Amino acid sequence: MTLEEKLKNLPLSPGVYIHKDGAGKIIYIGKAKNLRNRVRSYFQSGRGHDRKTRELVRRIVDLEFIVTDTEVEALVLESNLIKKHKPRYNVALKDDKQYPHLKLTINEPFPRVMITRRIQRDGALYFGPFLPASLARRTIDLINRTFQLRTCDIEIDGKLPRPCLEYHIKRCLGPCVRGLCTPDEYTESVRDVRLFLEGKNKELADEYAGRMERASEEMRYELAARYRDLRKVVLAVSETQKMATSPDRDVDIFGYYREAQRLALQLFTMREGKIVGRREFFWEDLSPDEFDPAEFLSEVLTQYYSTDYVPLEIHVPVDFEDRELLEKALSERRGRRVRILDPQRGQKRDMIALVEKNAQISFEQRFRVLKPDMERVLEELQETLELPRFPARIESFDISNISGAENVAAMVVCENGKMNRAEGRRFKIKTVEGSNDVASMREAVARRYRRQLEEGNPLPDLVMIDGGKGQLNAAADAMRELDLEAIPMIGVVKPPRRHNEVSHLLVKGREHEPVYLDSHSTVLRLIQMIRDETHRAAVTYHRKRREIRDFTSELTEIPGVGDRRKNRLLRNFGSIARIAQAAPAELAPFVGRQTAEEIAAHFARQRALAGMGDAEAGAGASAAATTDADGADGVDEMPLEVETRLDDPEGDAEDLRPIRSVDHNGEVRRPRKSTRKRGERSTNPHAVKRERVGKTDIE
């Protein structure tokens, strides 16, 4: 039959219709109360269809239909067919996770309970879903500790010589060994678990009360005590349980946020008056011009509740045409009346507004921050920087040190917009003395690509340098010596005193033309992500080097403490902080009485210096400097370890500041008292020195 003949012979019954294109592929599935009227309406030119429907009709070549007895049956069938065939012009419900269920394997001789995310028709009982997912793990742990069902998957024949550890720690009845547990006892425990998972806690508690009385009458007091404890556990759980099978006050609340063809849908699950779970769904290919919220929600709810748990109430932001029909279908599934409401005011409407606000936040994170189209972003980066080829592999460098101490570099790799941590490298700068980031950058770049050439490893499409013109030129010189000047390079320049931002980019060969990016640009976000990852790697390695240095130097500076005694102390006390607080009597068993007194006196002098006045500190610091000058190495190696300078232009060591600081005369500065009230935010969080402007300056 041709399409025209099929349209003429459509029945007046309810059912499902299936549209196909020229290749025989299903492109749309719909339901109808009257198949003839509904399907013919697609081909009536005066209906005023939207663009999506016009495009659908243009592609329809063939038609099939399935007649059902009721419209409710058509609704269920439509949902199942959409999930199976995923037609192009239907709204597809996309979700990357399924909440867990608990599976009671009553189809086995000795049943067990396990967590599963797939529901199968295998004769087992399934309970859930559990919201949140961690509740399933806590529940199965409670079942194992309380009812002691087996957790293994071995064949139970009672012929094993001895039970496993689970039996000895009272988490299994031990049916695998003959004589430990009878089949009737195990069956009784399985029945209790089933009642517990079905939420019949009161019935189970009454059952335990009866067993306890009978065991007591038979003078089996240990068994009676066990039933007493089980009854207490069941009653306690019944008061705090929040499973999705709760019969009262369970509500699902929907809200969405849309821009153009993209949409984020949010679902809050409320159980017994408390929000216990949340799910997110996203679309990227909706029709931007013709979007009907009522039709969209109708299709989403139909598909979602075809397999998931049905609550007693569902709150949606707008009403839709098939609401009563869907209520009837869901009520038949639940066995109780299910209501779908679109509240207009009051607390319920406020909850929908809250869900919509969360949907907007999810939309921002999904489409603007976390998952942009990386291929498009990299193409835009190539166009912005005028790169000769697509920047599939980007390598970024950064230097980290404090006053030249523990000078290190780090390199990270970004491949196709994603960080490849396995390819990252760290460098301990060997040829540069002091704080010289330019020379350090030259060494790191030269060492990296000299080795890449020697080993025949792949070279990057773009090299990023965290720094200004000096670092960029140094890296370019290193590449030129290796005949790699053709590889594009850029420098990432930070604004003054704002080290977490990007001021502009410098392109090698066009340093006089800085590239400024829009603050909302996805290219800028990619650059910031790579720069932040490079900075993190460099600072982490630098801190590790400092920890190793401080770990070994603090104790060995004390007279009488060598490497062996140092290792013995650290092994027994765990840290230098604990050693500093220990009394000589506590230290003596490991280093001897005299050395223990030396160690305690050393840390006592440090604590005294930290708490003394300005005059005393100045005298102490001057005396220490004089003593050290006689000894030879200068102020930086003073016995009391007073740091006199912290040169940190990159802001890498903000959390590594010394406890004490001194001025240029060696006198200890007292910390300034804060004038802010408790809870009040600082107006100058970076401690920028502000100059006062007088009248003469204004004039």
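Residues numbered from 1 in each chain as written. Predicted model: local features only at pLDDT ≥ 70, side-chain atom pairs only at ≥ 80, totals over all residues. Heavy atoms only, no water.

Here we take up the overall build of the chain. Each helix and strand in the chain was counted, giving 22 helices and 19 strands. Evaluated residue by residue, the chain yields a buried proportion of 44% over its 699 residues. Considering only contacts within the chain whose residues lie at least 6 apart along the sequence, 59% involve residues at least 24 apart. Counting every atom, the chain has about 39900 Å² of accessible surface; 47% of that belongs to carbon and sulfur. (Helix = DSSP H or I, 4+ residues; strand = E, 2+ residues; numbered from the N terminus. Buried < 20%, exposed > 50% of the residue type's maximum accessible area, 1.4 Å probe, protein only. Contact = heavy atoms within 4.5 Å. Areas by Shrake-Rupley, 256 points an atom, 1.4 Å probe, with all protein chains shown as cover.)

All chains considered together, the criterion is met by zero disulfides. Of all cysteine sulfurs in the structure, the one in Cys164 sits closest to Cys172, which takes part in no disulfide; the separation is 5.8 Å. (Disulfide = S-S within 2.5 Å.)

A few words on the pattern of salt bridges. Counted according to the given criterion, the structure contains 33 salt bridges. Across the pair Lys20 and Glu64 runs a salt bridge, and its minimum N-O distance is 2.6 Å. In this pair, Lys20 sits in strand E1 (residues 15-20) while Glu64 sits in strand E3 (residues 62-67), placing the two residues 44 residues apart along the sequence. Taking relative accessible area as the criterion, Lys20 reaches 14% and is therefore assigned buried. Three or more residues joined by partner-sharing salt bridges are found here, namely Arg393, Glu395, Glu415, Glu423 and Arg448. (Salt bridge = Lys/Arg side-chain N within 4 Å of Asp/Glu carboxyl O.)

The first and last C-alpha atoms of helix H7 (residues 183-197) sit 21 Å apart over 15 residues, in line with the 21 Å expected at 1.5 Å per residue. Within H7, burial applies to Tyr186, Ser189, Val190, Asp192, Val193, Leu195, Phe196 and Leu197. Taken from the residues just after H7, Gly199 is the one with a positive phi, measuring 80 degrees. (Expected span 1.5 Å × (residues − 1).)

The next subject is the packing of helix H14 (residues 437-455) against helix H15 (residues 469-481). Interaxial distance between H14 and H15 falls to 8 Å at its minimum, and their mutual angle equals 30 degrees. In this structure, the crossing between H14 and H15 has a hand that is right-handed. On H15, the residues that touch Asp437, Val438, Met441, Arg442, Val445, Ala446 and Tyr449 of H14 are Gly470, Gln471, Ala474, Ala475, Asp477, Ala478, Met479 and Glu481. The residue inventory of the contact of H14 with H15, partitioned by class, reads nine nonpolar, two polar and four charged. (Axes fitted to C-alpha atoms, helices over the stretch in contact; angles between N-to-C directions. Left-handed = near helix turned anticlockwise from the far one by under 90°. Nonpolar A, V, L, I, M, F, W, Y, C, P; charged D, E, K, R; others polar.)

Its identity as a non-glycine residue notwithstanding, Gln148 has a phi of 60 degrees, on the positive side. Within the chain, Met219 stands out as a residue other than glycine whose phi angle is a positive 60 degrees. Here Met219 lies in the loop between helix H8 (201-217) and helix H9 (221-240). Using a relative accessible area of 59% as the deciding quantity, one classes Met219 as exposed.

The subject of this paragraph is the confidence of the model for the chain. Per-residue confidence for the chain gives a mean pLDDT of 77, with 78% of residues at or over 70. Mean pLDDT per element in the chain: helix H21 (residues 614-631) is the minimum at 36, and strand E16 (residues 462-466) is the maximum at 92. Taken as a whole, residues 612-661 scores under 50 in pLDDT and shows 72 contacts with residues more than four places along the chain or in a different chain. Predicted confidence is poor over residues 693-699, with pLDDT under 50, and the contacts of this stretch with residues over four places away or in other chains come to two contacts. (pLDDT = per-residue confidence, 0-100.)

This part is about the sheet that holds strand E2 (residues 26-32). Read from one edge of the open sheet, three strands run E2-E1-E3, paired in antiparallel fashion. In this open sheet, the two edge strands, each paired with only one partner strand, are E2 and E3. Mean inter-strand twist for the sheet, computed between neighbouring axes without regard to direction, equals 20 degrees. (Pairing = 2+ DSSP bridges.)

Let us now look at the nonpolar core. It is characteristic of soluble globular proteins that their nonpolar side chains tend to be buried jointly. Ranked by internal contacts, the top residues of the largest apolar core, which has 29 residues, are Phe254, Trp283, Leu301 and Ile314. Residue assignment for this core shows that the elements contributing at least two residues are helix H4 (71-85), strand E7 (250-259), strand E8 (262-271), strand E9 (274-283), helix H10 (293-304) and helix H11 (323-334). Here the element with the most residues in this core is H10; it accounts for six residues. (Core = buried A, V, L, I, M, F, W, Y, C linked by side-chain atoms within 4.5 Å.)

Glancing now at the sheet that holds strand E5 (residues 113-116). Pairing between the strands of a sheet is mediated by backbone hydrogen bonds and can be parallel or antiparallel. Pairing in this open sheet of three strands is antiparallel, and the strands run E5-E4-E6 from one edge to the other. Only two strands of the sheet have a single neighbouring strand rather than two, namely E5 and strand E6 (125-127). Across this sheet, the average inter-strand angle for adjacent strands is 30 degrees, counted without regard to direction. The pairing of strand E4 (residues 101-104) with E5 spans four bridges and is classified as antiparallel. Paired with Lys103 across the strands is Met114, a residue of E5. Packing against the sheet, H7 makes contact with E4, E5 and E6, and its axis sits at approximately 155 degrees to E4.

Going residue by residue along strand E18 (residues 504-507), you find His504 and Leu506 tucked away on one face and Leu505 and Val507 tucked away on the opposite face as well. As defined by bridge partners, strand E17 (residues 489-493) adjoins E18 across four bridges and the pair is classed as antiparallel. Of the residues in E18, the one forming a bridge with Gly491 is Leu506. Note that E18 and strand E19 (residues 510-515) share two bridges and pair antiparallel. Bridged to Val507 within E19 is Arg510. Counting the residues that bridge the hairpin from E18 to E19 gives two residues, and of these Gly509 lies at a positive phi of roughly 90 degrees.

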